[in-house]
Amino acid sequence: MNLNQHHTMTYTLNSGIKGTINLSTKQIQDWIESYRVGSKYVTTVGKQYFGLNPELVADFKVHNEYSEQREHIAVIQQFTVASKASEQLADAYSQHKTLIQVECKCGASYIEESVYKRNKWGCKECSDIVFLDSKKGMVDTEKGKAWYMTNRYFVERR
């Protein structure tokens, strides 16, 4: 075992505050012994002194090449591959979006996109509910055909 090899130790104080410090294998062994017997731990890290009272430490974890911390680094590196897959999925969904023409009694009139056809919708201006007018069906808009939803008059709901 290389006693000069450095590891990252993450600790949580009883107050909930988390801390991280790089310690050598020898320093980690000394810390574990101090924690076990309950004595205050003081060491040097670089040119600074570091002290930790085991009575105030709720828990701690020493990270190495097999620890969870390394897995998080690998996951971040794989994120670009996952984001490309997410982008392709978003493109597939965008091909099947439905347009909705909203006309509300508050005076709002706009076109909204939805992944699927709905029977009711919330007005983005006043948050009132607008209902699908299935008798009117689809209307022409500048973005294409859209389902017509309103609360300006009574709409028969199904």
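Keep in mind that what you see is a predicted model, and the values were worked out from it rather than measured.

A. Here's a closer look at the overall build of the chain. Looking only at helices and strands, the chain features 2 helices and 11 strands. Counting from the amino terminus, helix and strand elements in the chain follow one another as β-β-α-β-β-β-α-β-β-β-β-β-β. The buried share of the chain, taken over its 158 residues, is 32%. Put simply, of all contacts in the chain between residues at least 6 apart along the chain, 37% involve residues at least 24 apart. When the accessible surface of the chain is split by element, carbon and sulfur atoms take 51% of a total near 11,400 Å².

B. Quick peek at the packing of aromatic side chains. Here the structure, examined in full by the defined rule, presents 5 aromatic pairs. Ring geometry for Trp31 against Tyr35: centres 5.5 Å apart, planes inclined by 50 degrees, an arrangement best described as tilted. Taken as a pair, Trp31 and Tyr35 lie in helix H1 (residues 25-37) at a separation of 4 residues, close to a single helical turn. Judged by relative accessible area, Tyr35 falls into the partly exposed class, the value being 30%. Note on Tyr35 and Phe60: the rings are 4.9 Å apart at their centroids and 75 degrees apart in plane angle, and the pair reads as edge-to-face. Taken together, the residues span a long stretch of sequence, with Tyr35 in helix H1 and Phe60 in strand E5 (residues 57-63) at a distance of 25 residues. Members of the aromatic cluster, each reached through a chain of ring pairs, are Trp31, Tyr35, Tyr41 and Phe60.

C. Expanded view of the pattern of salt bridges. Inspection of the entire model under this criterion finds 5 salt bridges. Across the pair Lys26 and Asp30 runs a salt bridge whose closest N-O atoms are separated by 3.0 Å. Here Lys26 and its partner Asp30 are both found in helix H1, 4 residues apart, which amounts to about one turn of the helix. In this structure Asp30 comes out as partly exposed when scored by relative accessible area, which is 30%. Note that Glu103 and Arg152 form a salt bridge whose closest N and O atoms lie 3.2 Å from each other. A residue pair is termed long-range when its members are at least 10 positions apart, and Glu103 in strand E6 (residues 98-103) and Arg152 in the segment after strand E11 (144-150) qualify at 49 residues.

Here is what the cut-offs are and how they apply
- Residues numbered from 1 in each chain as written.
- Predicted model: local features only at pLDDT ≥ 70, side-chain atom pairs only at ≥ 80, totals over all residues.
- Heavy atoms only, no water.
- Helix = DSSP H or I, 4+ residues; strand = E, 2+ residues; numbered from the N terminus.
- Buried < 20%, exposed > 50% of the residue type's maximum accessible area, 1.4 Å probe, protein only.
- Contact = heavy atoms within 4.5 Å.
- Areas by Shrake-Rupley, 256 points an atom, 1.4 Å probe, with all protein chains shown as cover.
- Phe/Tyr/Trp six-rings, centres within 6.5 Å; stacked < 30°, edge-to-face > 60°.
- Salt bridge = Lys/Arg side-chain N within 4 Å of Asp/Glu carboxyl O.

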